[in-house]
Amino acid sequence: MTEAEQPNTLPVHAAASDEELLLSFATERDEKALEQLIHRYERPLYNYLLRYTGNASRAEELFQATFERVFQRCQQFEPGRRVKPWIYSIATHLAIDAARRAGRYRTTSFDESVEQDDSHAGKLFDLLSDNHPSPVAQLEAEERRIWVRQALKQLPDEMRAVVLLVYYEGLKLREIAEALHVPIGTVKSRLHRALAQLNRAWKRGHHEEAGATPI
Amino acid sequence: MNTIDDLIGYLCGALDDDACRWLELQLELDAAWRDRLEVFSRALEPLEHDRLQEEPPACLAARTFAHLQAKRGDA
């Protein structure tokens, strides 16, 4: 976030930990603390939900619903725990519930995900019209990025959540186990199976030269 | 209990300190673990292609905060 995009909060808010911000809002109804917390998670949580759902408008709705839940339940947050896994836990459960309600729980097809995400067309156009010295390399990178996002979307929901939380969001295995209410062994096995599935798909595709590995 | 599957968590920085130290000791002692680490490391490579984060919709945080303020006003 640039300086210009920072919410108009006191320096004490900018320096505070997530836990301090949440506590400040929960105990003193310090709205600036809540505002700072929302801004802090804007990019990472939105991107998590975008990767999870594969759909920008659903990610936006779920982002807002997550903070509505944080707002409602901040009194229940247990001191001594970390805020980040708690927020991601709320977001993940809301995403699972929304997918269940819409009958999308588990997987969707490659074709559907391509149709839903029409932003890629614009990005490819931008790449082609860009004066970048290596447009071919950029196109290849974009193709691989799209492939990964679609492959993640094909994973069962519970496996996808684990991969995203571990690899992209930097949560500890223990924190993910707590967030998803499963034993840590389940987190490890989901992670292992997800990677195996992703790599099998990678190998089946046209990327064998780029590091696909049976595990 | 720690197992060889913890190597994936290790590569992602997702292990607690104790598990991390235990695993680094195994890596020092056992070449098979080092080989496995290499395999898992390559298995993570495809994910690296989607590292970039996308820009959130304009004013998402500000709109979310305003929505919560409005809800609080209604309550």
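The paragraphs below set out a description of the structure included in this document.

Definitions and cut-offs
- Residues numbered from 1 in each chain as written.
- Chains lettered and ligands numbered in written order.
- Predicted model: local features only at pLDDT ≥ 70, side-chain atom pairs only at ≥ 80, totals over all residues.
- Heavy atoms only, no water.
- Buried < 20%, exposed > 50% of the residue type's maximum accessible area, 1.4 Å probe, protein only.
- Helix = DSSP H or I, 4+ residues; strand = E, 2+ residues; numbered from the N terminus.
- Contact = heavy atoms within 4.5 Å.
- Buried area = accessible area lost by both parts, 1.4 Å probe.
- Polar contact = N/O pair within 3.5 Å; in protein donor to acceptor, adjacent residues only side chain to side chain.
- Nonpolar A, V, L, I, M, F, W, Y, C, P; charged D, E, K, R; others polar.
- Salt bridge = Lys/Arg side-chain N within 4 Å of Asp/Glu carboxyl O.
- Phe/Tyr/Trp six-rings, centres within 6.5 Å; stacked < 30°, edge-to-face > 60°.
- Lys NZ or Arg CZ within 6 Å of the ring centre and 35° of its normal.

## Here's the deal with helix 10 (residues 173-180) of chain A
All names here are of chain A.
Phase 1 of the analysis: Extensive coverage of helix 10 is indicated by the burial of 6 of its 8 residues.
Phase 2 of the analysis: Residues L173, E175, I176, A177, A179 and L180 constitute the buried set of helix 10.
Phase 3 of the analysis: One or two positions beyond helix 10, positive phi appears at H181, with a value near 60°.

## A few points about the interface of chain B and chain A
Phase 1 of the analysis: At the junction of the two partners, chain B supplies 42 residues and chain A supplies 45 residues.
Phase 2 of the analysis: For the pairing of chain B and chain A, the buried interface totals around 4400 Å² over both sides, and the portion due to carbon and sulfur atoms is 57%.
Phase 3 of the analysis: A per-residue breakdown of the area chain B buries against chain A is headed by L47, D50 and E54 of chain B, which together make up 16% of the total.
Phase 4 of the analysis: At the boundary of chain B with chain A, the tally comes to 24 residue pairs in polar contact (both at pLDDT 80 or more).
Phase 5 of the analysis: The element best represented in the side of chain B that touches chain A is helix 4 (residues 60-74) of chain B, accounting for 11 residues.
Phase 6 of the analysis: Of the residues assigned to the side of chain B that touches chain A, the class counts are 20 nonpolar, 8 polar and 14 charged.

## Observations regarding the pattern of salt bridges
Phase 1 of the analysis: Summed over the entire model, instances satisfying the criterion amount to 20 salt bridges over all chains.
Phase 2 of the analysis: Across the salt bridge formed by R43 of chain A and E55 of chain B, the nearest N and O atoms sit 2.6 Å from each other. One end of the pair, R43 of chain A, is in helix 3 (residues 31-53); the other, E55 of chain B, is in the loop between helix 3 (31-48) and helix 4, on a second chain.
Phase 3 of the analysis: What makes R43 of chain A partly exposed here is its relative accessible area of 28%.
Phase 4 of the analysis: Taking the relative accessible area as the measure of exposure, E55 of chain B reaches 52% and is therefore exposed.
Phase 5 of the analysis: The shortest N-O distance in the salt bridge between E178 of chain A and R174 of chain A comes to 3.9 Å. Pair noted here: E178 of chain A and R174 of chain A are both in helix 10, with a separation of 4 residues, about one helical turn.
Phase 6 of the analysis: By relative accessible area, E178 of chain A is classed as partly exposed at 37%.

## Considerations on the packing of aromatic side chains
Residues and elements named next belong to chain A.
Phase 1 of the analysis: Overall, the coordinates contain 9 aromatic pairs over all chains when judged by the stated rule.
Phase 2 of the analysis: Taking the centre distance of 5.2 Å and the plane angle of 50° together, the rings of F63 and F67 count as tilted. In this pair, F63 and F67 are both assigned in helix 4 (residues 56-73), 4 residues apart and thus about one turn of the helix distant.
Phase 3 of the analysis: Pairwise contacts between aromatic rings join Y41, Y48, Y52 and Y88 into one cluster.
Phase 4 of the analysis: Sitting over the face of the ring of F71, R29 holds its NZ or CZ atom 5.7 Å from the ring centroid.
Phase 5 of the analysis: Here R160 stacks its cationic end above the ring of Y52, 4.5 Å away from the centre of that ring.

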